[in-house]
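# Results of the structural survey
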Amino acid sequence: MEKQQQRHGTEEIPTRDQKFSVLNCIDLSSSDIQQSVSLLKQACLDCGFFYVVNHGISQEFMDQVFFESKKFFQLPLDEKMNLLRNEKHRGYTPVLDELLDPDNQLHGDYKEGYYIGVEVPEDDPQAEKPFYGQNVWPADYLLPGWRQTMERFHKEALEVARAVARIIALALNLEADFFDRPEMLGQPITVLRLLHYGGQISDPSKGIFGAGAHSDYGLITLLATDDVVALQICKDKNAQPQVWEYVAPIRGAFVVNLGDMLERWSNCIFRSTLHRVVGNGRERYSVSPYLFFLLILGSEVL
């Protein structure tokens, strides 16, 4: 989940030739676990952002998820509004509905989204909990097979998150299965979020953003995105002026970032970093599973 941030300066949008952040890349298929731990730890100490590749989800299926996501956002607005986000944080969020940086944004975020959470039957006792319950799904006649695609992706992305969590545990000098234990990630709360940016041009100097500056609540976020450059990170939120760097999209990879929960659990050794989306006039799609609340608490594509 995202946390609103304050005290950001205003600055011009960097062009592509100004600055891209150099992020470590973790290969989940590598047999050299020590190298993976070293690369991840360095990334967590530096900025809390890194890439994950060879994660086990096929490119063919990733492409299908994006295709189905686009099909949803191409529905007429009245059809999407019939699926408006409910009190369980499931369903559709229209453009400008979310405001991540109220001190610096003129309007809400120029994006629309769709939330999918842990599916629990209505008569299950857990359904009374804030982040458990039934999802809101488009009618099958509108989008045949859409629900099945998203449920499968939600499940497979959780396994990627678990694999990343095992490396994080080792980087914190814990047992590799620390987050796998029943009292930890045994029953995680995960949210899959589909996002669509309609092609508006952002202007930070005027408070206009695709998504305002924020850090994420929770443990980690996985982000799969298309090839449109728009995501920026600020490694030092206290710098004046703040320096924003683009994160380059890599086909088939997840961009992973740490949330505030992990920053606190690590005694602020690991970083939960500010990030935002600045639009350049091109449409952009992303899919992001959040792994966030564990136990009674319980993770953008941004």
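In this report, we go over the structure that sits alongside the text. (Residues numbered from 1 in each chain as written. Predicted model: local features only at pLDDT ≥ 70, side-chain atom pairs only at ≥ 80, totals over all residues. Heavy atoms only, no water.)

## With respect to the overall build of the protein chain
Filter applied, for reference: We count a stretch as a helix when DSSP gives it H or I for four or more residues in a row; a strand needs E for two or more, and each element gets its number in order from the N terminus. Note on classification: 1.4 Å probe, protein chains only; a residue is buried when its accessible area is under 20% of the maximum for its type, exposed when over 50%, partly exposed between these limits. Each accessible area is a Shrake-Rupley estimate made with a 1.4 Å probe; only the visible protein chains count as cover when residues are assessed.
Each helix and strand in the protein chain was counted, giving 5 helices and 15 strands. Counting only residues that meet the buried cut, the protein chain has 55% of its 302 residues in that class. Taken as a whole, the protein chain presents about 13500 Å² of accessible surface, with 51% of it coming from carbon and sulfur.

## Quick word on the packing of helix H1 (residues 33-46) against helix H4 (residues 146-171)
When two helices pack together, their arrangement is given by the angle between the helix axes and by the axis-to-axis distance. For clarity, the cut-off: Where helices are involved, their axes are fitted lines through C-alpha atoms of the stretch in contact, as for all axes, and angles between N-to-C directions lie from 0 to 180°. Here is the rule for angles: anything less than 35 degrees is roughly parallel, anything more than 145 is roughly antiparallel, 65 through 115 is roughly perpendicular, and the remaining ranges are oblique. Working rule for contacts: check all heavy atoms of both residues, and any pair within 4.5 Å makes them a contact. Only Asp, Glu, Lys and Arg are considered charged, only Ala, Val, Leu, Ile, Met, Phe, Trp, Tyr, Cys and Pro nonpolar, and every remaining residue, Gly among them, polar.
For the pair H1 and H4, interaxial distance at closest approach is 9 Å and the crossing angle is 80°. Our classification of the angle between H1 and H4 gives roughly perpendicular. Touching Ile-33, Ser-36, Val-37, Leu-40 and Lys-41 of H1 are Val-164, Ile-167, Ile-168, Leu-170 and Ala-171, all from H4. Taken together, the residues that form the contact of H1 with H4 break down as 8 nonpolar, 1 polar and 1 charged.

## Focus: the packing of helix H2 (residues 59-73) against H4
Worth spelling out the cut-off: Should the near helix be turned counterclockwise from the far one by less than a right angle, the crossing is left-handed, whereas a clockwise turn marks it as right-handed.
Running from amino to carboxyl end, H2 crosses H4 at an angle of 130°, the nearest separation of the two axes being 10 Å. Classified by the interaxial angle, the pair formed by H2 and H4 is oblique. Here the hand of the crossing between H2 and H4 comes out left-handed. Of the residues in H4, those touching H2 at Phe-61, Met-62, Gln-64, Val-65, Glu-68, Ser-69 and Phe-72 are Trp-146, Thr-149, Met-150, Arg-152, Phe-153 and Glu-156.

## Section: H1
Because each turn of an α-helix spans 3.6 residues, side chains separated by three or four positions in sequence point in the same direction. We count it as follows: One less than the residue count of a helix, multiplied by 1.5 Å, gives the span that helix is expected to have. This arc corresponds to the set of directions leading from the helix axis out to the C-beta atoms.
Taking 1.5 Å per residue as the helical rise, H1 with its 14 residues ought to reach 20 Å, and the 20 Å between its terminal C-alpha atoms agrees with that figure. Regarding H1, the residues found buried are Ser-36, Val-37, Leu-40, Ala-43 and Cys-44. The arc that holds every buried residue of H1, seen down its axis, measures 135°, which confines them to one face. Here the buried face of H1 lies against strand S2 (25-27), strand S3 (49-53), H4 and strand S13 (254-258). Gly-48, located one to two residues past H1, shows a positive phi value of around 75°.

## Remarks on the environment of Leu-194
Among the structural elements, Leu-194 can be located in strand S8 (residues 190-197). Taking the C-alpha atoms as reference, Leu-194 lies 9.3 Å from Lys-70; in sequence the two are 124 residues apart. The contacts of Leu-194, once residues within four sequence positions are left out, are Ser-69, Phe-73, Glu-112, Gly-113, Tyr-114, Trp-146, Met-150, Ser-286 and Val-287.

## Focus: the pairing of strand S11 (residues 231-234)
Working note: regular strand, side chains alternate between the two faces of the sheet. Formally: At least two bridges found by DSSP between two strands is the condition for calling them paired.
Taking every second residue as pointing to the same face, both faces of S11 are buried, with Leu-231 and Ile-233 on one and Gln-232 and Cys-234 on the other. With 2 bridges connecting them, S11 and strand S12 (residues 245-246) associate as antiparallel partners. Opposite Ile-233, over in S12, you have Glu-245 as the bridge partner.

## As for the side chain of His-196
Just so we agree on the cut-off: Under the rule applied, a polar contact is a pair of N or O atoms within 3.5 Å (in protein, one hydrogen donor and one hydrogen acceptor; residues adjacent in sequence only if both atoms are side-chain atoms).
Among the structural elements, His-196 can be located in strand S8. Separated by 2.7 Å, the side chains of His-196 and Glu-112 make a polar contact. Engagement of the side chain of His-196 in a polar contact is seen with the side chain of Tyr-285, the distance being 3.4 Å. Excluding residues within four positions of it along the chain, His-196 makes contact with Phe-73, Lys-111, Glu-112, Glu-283, Arg-284 and Tyr-285.

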